[in-house]
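Structural characterization, general
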Amino acid sequence: MLEVVLPEKSYEIIIQRNALDQVADWLSGLWQEKKIAIISDENVFPLYGQKIQQQLADRYEVVNYVIPAGEESKSLSMAAKLYDFLATEQLTRSDGIIALGGGVVGDLAGFVASTYMRGISFVQIPTSLLAQVDSSIGGKTAVNAPNAKNMIGTFAQPDGVLIDPETLTTLPVKRIQEGIAEIIKCGAIKDESLWRELARFIDVADLVAHSELVIEKALRVKKEVVEEDQFDQGSRLFLNFGHTIGHAIEQTAGYGQISHGEAVAIGMVQISRNAEKRKETPEGTTQQLIKMIQKYQLPISYEPWDEQALFQAITHDKKARGKQLKIILLEKIGQAKIQSIPIEAIKNYLEEGE
């Protein structure tokens, strides 16, 4: 168990195999009598939704809303449908939402919970590796705008996070790899011991077999950074390593064409390769990244590479502040730095080539 300790609110993260069998007991320690809306998607709800709903039936009034799976559901139009649903079901400010699913569900349900009636309680039950190690904690909720990922959002902390690594057994390898990209990022920026663990595992299956350990180590990195900088003004920016270029790749390729994890993997390699050329990152660091990323069968590049389109996407990214952009570069594996550059200078890191 981990605890995120913040000035206004603290909450526990449970990481335990078969934890989904104990959702009712866990939730009763957080919430008294409430009406609960489970928000999930069409892939996850058939696997776990009814099981959870049955557990809760003796203690809570439970309703559910199942969204289409995929990034396209992370939109204001889908949020509007959820507001209508919650109002029709007469949820009040004393009620709560369970976000059951991957990152899309977690971001969307958290955003809706934080804005419906100016904010109601919610918990996260992430079922994908990416959501378990990244989006389910820290309080960032968001939907996408047409021209930028996660442009419309809030900071809203959940009341608790319940992670059952057994849910990974139902995921295709590609979805697990997506989460591994974020774990690689955590090791690269802040935890050399996590990096060594990743190096020791044979392959994706070996990592999944040790998923409790890996999830906890990755979450410790994120927890510490969030506690230092809840609202993303300083050290929390370290978590953006690979993301400035990665988000631009997702957008220009078309949401859903390249997964978030794939885009982040490419983004980490791209920015590190050019930082090495500029003597801002030690020689050989990019090769270490490439070796680790390719070990877990993630991409290090994609085609077509359109520098101008990527630059335009970055100028619309929420990380841009005025005419400046803060980028994350590696000082070595396990240690990163924040560098402020003029937005125009990001073009130097978009250059193709070995």
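Bear in mind the structure is a predicted one, so any value in this text is a computation, not a measurement.

A few words on unusual backbone geometry. Of note, the bond from E303 into P304 is cis; its omega dihedral lies within 30 degrees of zero at 0°. Here P304 shows up in the loop between α12 (285-295) and α13 (307-315). Of note, the phi angle at N18 is positive, near 65°, even though the residue is not glycine. Tracing the sequence through the fold places N18 in the loop between β2 (10-15) and α1 (23-28). Positive phi is not limited to glycine here, since M117 has a value of about 50°. When you line up the elements, M117 lands in the loop between α4 (103-115) and β6 (121-126). Overall, the relative accessible area of 38% leaves M117 in the partly exposed class.

In this structure the tally under the stated criterion is 1 cavity of 30 Å³ or more. Estimated volume of the largest cavity: approximately 40 Å³. Taken together, N240, F241, G242, H243, T244, I245, G267, I271, I327 and I328 form the lining of the largest cavity. Where the lining of the largest cavity is concerned, the elements lending two or more residues are α10 (243-253), α11 (260-277) and β11 (324-332). Counting residues per element, the lining of the largest cavity draws most heavily on α10, at 3 residues. Residues that form the lining of the largest cavity fall into these classes: 5 nonpolar, 5 polar and no charged.

This brings us to the domain arrangement of the protein. The domain boundaries assigned to the protein delineate domain 1 (2-168) and domain 2 (173-350). Each of domain 1 and domain 2 has a C-alpha centre, and these two points are 26 Å apart. Each side of the interface is counted separately: domain 1 has 35 residues, and domain 2 has 34 residues. Buried area between domain 1 and domain 2, both sides added, is near 3200 Å², and the carbon and sulfur share of it is 63%. Here domain 1 is connected to domain 2 by 4 salt bridges. The closest approach of N and O atoms between K222 and D134, which form a salt bridge, is 3.0 Å. Taken together, the links from domain 1 to domain 2 amount to 10 residue pairs in polar contact (both at pLDDT 80 or more). Of all the secondary-structure elements, those providing two or more residues to the side of domain 1 that touches domain 2 are β1 (2-5), β2, α5 (129-135), β7 (140-145) and β8 (148-155). Among the elements that line the side of domain 1 that touches domain 2, the one with the most residues is α5, at 6 residues.

Let us now look at the environment of A113. Inspection of the secondary structure puts A113 in helix α4. Sequence-wise, A113 and L350 are 237 residues apart; in three dimensions their C-alpha atoms are separated by 37 Å. Ignoring anything within four residues of it in the chain, the contact list for A113 reads I97, G119, I120, S121 and F122.

What counts, and where the lines are drawn
- Residues numbered from 1 in each chain as written.
- Predicted model: local features only at pLDDT ≥ 70, side-chain atom pairs only at ≥ 80, totals over all residues.
- Heavy atoms only, no water.
- Helix = DSSP H or I, 4+ residues; strand = E, 2+ residues; numbered from the N terminus.
- Buried < 20%, exposed > 50% of the residue type's maximum accessible area, 1.4 Å probe, protein only.
- 1 Å grid on protein atoms, 1.4 Å probe; cavity = no way out; pocket = protein on both sides within 12 Å on 5 of 7 lines; lining within 4 Å.
- Points joined across faces, edges and corners; volume = space filled by probe spheres on them.
- Nonpolar A, V, L, I, M, F, W, Y, C, P; charged D, E, K, R; others polar.
- Domains from an automatic or database assignment.
- Contact = heavy atoms within 4.5 Å.
- Buried area = accessible area lost by both parts, 1.4 Å probe.
- Salt bridge = Lys/Arg side-chain N within 4 Å of Asp/Glu carboxyl O.
- Polar contact = N/O pair within 3.5 Å; in protein donor to acceptor, adjacent residues only side chain to side chain.

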